[in-house]
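Observations on chain architecture
Chain by chain, the residues run as shown.
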Amino acid sequence: MFEKAYNYSCKWRFQFSPKKCKIVIFGKDKNLDMPVKLGNQTIAESKCETHLGIGLATNNKCELDYITSRVSCCKSIVFATKAIGSISVPVSPMTASKLYWDVCIPKLTYGFEVMDVKDASLEKVISFHYQAAKITQGLPEHAVNIGSVATIGWQPIESYIDILRLLFMWRILLLPMQNIYKTFLVRRMLHLVDNYTKNALGPTKNVLDICIKYGLHQYVLAAIETAEYCTMNEWKKMIKLIATDRYVKSWNATKHLFTSLKFLKKDPTCLSPWWKYAAHNVAKVKRCKLIIQLLLGRERHQYKLCQYCDLCTRSTIPHVLFECRHLSKLREDLWVKVEEVCPPNLIDEINVMNNEGKTIFILNAVNTNYIPEWDEIYDSLSLFIYSMYTKYMKE
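Residues numbered from 1 in each chain as written. Predicted model: local features only at pLDDT ≥ 70, side-chain atom pairs only at ≥ 80, totals over all residues. Heavy atoms only, no water.

**So, the overall build of the protein**
Assigned secondary structure in the protein consists of 17 helices and six strands. The C-alpha atoms of the protein give 28 Å as radius of gyration, which overshoots the globular expectation for 395 residues (21 Å, by more than 25%). By its C-alpha atoms, the protein is 90 × 50 × 40 Å across when sized along the principal axes. Relative to its 395 residues, the protein shows a buried fraction of 42%. Across the protein, the fraction of contacts at a sequence separation of at least 24, relative to all contacts at a separation of at least 6, is 63%. Taken as a whole, the protein presents about 22400 Å² of accessible surface, with 56% of it coming from carbon and sulfur. When the 52 positive and 37 negative side-chain charges of the protein are each reduced to one mean point, those points stand 7 Å apart. (Helix = DSSP H or I, 4+ residues; strand = E, 2+ residues; numbered from the N terminus. Rg over C-alpha atoms; globule rule 2.2 N^0.38 Å. Buried < 20%, exposed > 50% of the residue type's maximum accessible area, 1.4 Å probe, protein only. Contact = heavy atoms within 4.5 Å. Areas by Shrake-Rupley, 256 points an atom, 1.4 Å probe, with all protein chains shown as cover. Lys, Arg positive; Asp, Glu negative; His and termini not counted. Charge placed at Lys NZ, Arg CZ, Asp CG, Glu CD.)

Okay, structure coming up:
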């Protein structure tokens, strides 16, 4: 093949550049001592190269190094995003989140539709995704991973990659019947269905596993057999709905394993109302950050005793906000401001709750999505929580 290419270049009087070419050998090399030449020049062998922006690696270590370099590049973008703001006017997590999904994620996952990413490399990407969620919100490193992405409304990165691969598969299936890419995909997929094995490799095997994972394999096979495919928009809505439903069920089941998340009551696919409030009131980002930290179990030592009360009293969040006698004067002054701006029915509902119920209710922004007309309520509640907790911690 190389000889034909070289002869063709001589015939038409153009030159290849062997110094810019590399040979990547996948699998076992049966001819170790045979050099690959283009004309009189030998083409060097490489373990990992980038082709059209997609990394081609011959072993797991090279692939991990390639993914690590991508993660490092995206990490610098995340930190640069936070550096846009200042101490007095920080970048709101809502804005930082938008930049993350529009800049970092396309750069991080480019080509994942056709890349056979190994588990170690995927874990690197997942770990960065959780870390980015914590950096964006100013959360401590020990914050629970599933909680940190839930408060900012991010979907898991593995779910996002699954959707990318399913969309890529469907685009190929919508091509004309005589298209070579569609022919290859259909034949390969039908072969894998008839001879399914976990040891098979390749992007077609990956997308078939994803179809089985979400219960879509029968739908896809029926579409291939009948040649009746739904539109791209319909397919996109369908898989997003299925992926989201699976994520919500998984999140609700996993959340109960973490006692630090017992105060968090929200839809994990929606941005926290506190961050929406902070986006419209940037000066209040510091308050909202503390509230989100409390929701994610900032104080992990739930059995720590209160230094101001009886020896048997634990220093929990409900105790700090509604029970500690040392803060009674400040509590009364701040709660009066809350009562002044809240509707009477809302105050009556809060007053009949026990202290833990009140804590959960106000930490979750009175269990509602963000309502711009309620900015005064959010302001008074965030001031109450922030002032009470900071005074308790300082003293």
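**A short note on the state of the cysteines**
Taken as a whole and assessed by the stated rule, the structure comprises zero disulfides. No disulfide involves cysteine 74; its nearest neighbouring cysteine sulfur is the one of cysteine 104, lying 4.8 Å away. Cysteine cysteine 230 shares no disulfide, and the gap to the nearest cysteine sulfur, in cysteine 211, comes to 12 Å. (Disulfide = S-S within 2.5 Å.)

**Description of the pairing of strand β5 (residues 48–51)**
For β5 and strand β6 (residues 54–57), the ladder comprises four bridges, and the chain directions are antiparallel. From the neighbouring strand, threonine 50 faces β6, where its bridge partner is glycine 55. The hairpin turn running from β5 into β6, its antiparallel successor, is two residues long, and leucine 52 in that turn takes a positive phi close to 55°. (Pairing = 2+ DSSP bridges.)

**Some thoughts on the packing of helix α3 (residues 93–109) against helix α4 (residues 119–137)**
Between α3 and α4, the least distance of the axes is 10 Å, while the angle of their chain directions is 155°. When the interaxial angle is binned, α3 and α4 end up roughly antiparallel. As α3 packs across α4, the resulting crossing turns out to be right-handed. Touching Pro93, Ala96, Ser97, Tyr100, Trp101, Ile105 and Leu108 of α3 are Val125, Phe128, His129, Ala132, Thr136 and Gln137, all from α4. Counted by class, the contact of α3 with α4 contains nine nonpolar, four polar and no charged residues. (Axes fitted to C-alpha atoms, helices over the stretch in contact; angles between N-to-C directions. Parallel < 35°, antiparallel > 145°, perpendicular 65-115°, else oblique. Left-handed = near helix turned anticlockwise from the far one by under 90°. Nonpolar A, V, L, I, M, F, W, Y, C, P; charged D, E, K, R; others polar.)

**Structural notes on the nonpolar core**
Most often, soluble globular proteins keep nonpolar side chains buried together rather than apart. Ranked by internal contacts, the top residues of the largest apolar core, which has 81 residues, are Tyr100, Trp274 and Phe384. The element contributing the most residues to this core is helix α17 (residues 375–394), with eight residues. Apart from the residues within four sequence positions on either side, tryptophan 274 is in contact with Cys288, Ile291, Ile292, Ile362, Leu363, Asn364, Ala365, Tyr378, Leu381 and Ser382. In this structure, Ile172, Val207, Val220 and Trp235 belong to the second largest nonpolar core, which totals 25 residues. (Core = buried A, V, L, I, M, F, W, Y, C linked by side-chain atoms within 4.5 Å.)

**Considerations on a nonpolar patch on the surface**
A cluster of nonpolar side chains, Tyr8, Trp12, Phe14 and Phe16, forms an exposed patch at the surface whose accessible area comes to about 460 Å². Topologically, phenylalanine 16 is positioned in the loop between α1 (2–11) and β1 (22–23). (Patch = residues over 30% accessible without salt bridge, like charges linked within 9 Å, V, L, I, M, F, W, Y side chains within 5 Å. Salt bridge = Lys/Arg side-chain N within 4 Å of Asp/Glu carboxyl O.)

**Let's talk about helix α11 (residues 273–280)**
Of all the residues in α11, the buried ones are Pro273, Trp274, Trp275, Tyr277 and Ala278. Next to the buried residues of α11 lie α3, α4, α12 (285–295), α16 (355–363) and α17.

**Observations regarding the packing of helix α6 (residues 157–173) against helix α7 (residues 180–194)**
In a packed pair of helices, the relevant descriptors are the angle between the two axes and the axis-to-axis distance. The N-to-C vectors of α6 and α7 enclose an angle of 115°; their axes lie 8 Å apart at closest approach. Judged by residue contacts, Met169, Ile172 and Leu173 of α6 engage Tyr181, Lys182, Leu185, Val186 and Met189 from α7.

**With respect to the side chain of serine 380**
For serine 380, the location among the structural elements is in helix α17. The residues touching serine 380, leaving out its near neighbours within four places in the chain, are Lys337, Val338 and Val341.

**Re the environment of tyrosine 66**
Tracing the chain through its elements places tyrosine 66 in helix α2 (residues 60–82). Tyrosine 66 gets classed as buried once you look at its relative accessible area, which sits at 13%. Remark: the alpha-carbon pair of tyrosine 66 and asparagine 206, spanning 140 residues in sequence, is separated by 20 Å. In contact with tyrosine 66, other than residues within four places in its own chain, are Cys48, Thr50, Gly53, Ile54, Gly55 and Met115.

**Overview of the packing of aromatic side chains**
Throughout the structure, instances matching the rule amount to 19 aromatic pairs. Look at tryptophan 274 and tyrosine 378: their rings are 5.9 Å apart centre to centre, the planes differ by 70°, and that puts the pair in the edge-to-face class. Linking tryptophan 274 in helix α11 with tyrosine 378 in helix α17, this pair joins segments that are 104 residues apart in sequence. Judged on exposure class, the residue tryptophan 274 and its partner tyrosine 378 are both buried. When the ring of tyrosine 370 is compared with that of tyrosine 378, the centres are 5.5 Å apart and the planes differ by 25°; the resulting orientation is stacked. (Phe/Tyr/Trp six-rings, centres within 6.5 Å; stacked < 30°, edge-to-face > 60°.)

**Regarding the side chain of arginine 165**
Mapped onto the secondary structure, arginine 165 falls in helix α6. Despite its burial, arginine 165 pairs with no opposite charge, the nearest such side chain being aspartate 162 at 5.0 Å. The residues touching arginine 165, leaving out its near neighbours within four places in the chain, are Phe112, Glu113, Met115, Val117, Asn206, Val207 and Ile210.

**Comments concerning the environment of glutamate 158**
Within the fold, glutamate 158 resides in helix α6. Assessed through its relative accessible area of 26%, glutamate 158 is described here as partly exposed. In the structure, glutamate 158 is positioned 76 residues away from glutamate 234 in sequence and 22 Å away in space, judged by C-alpha atoms.

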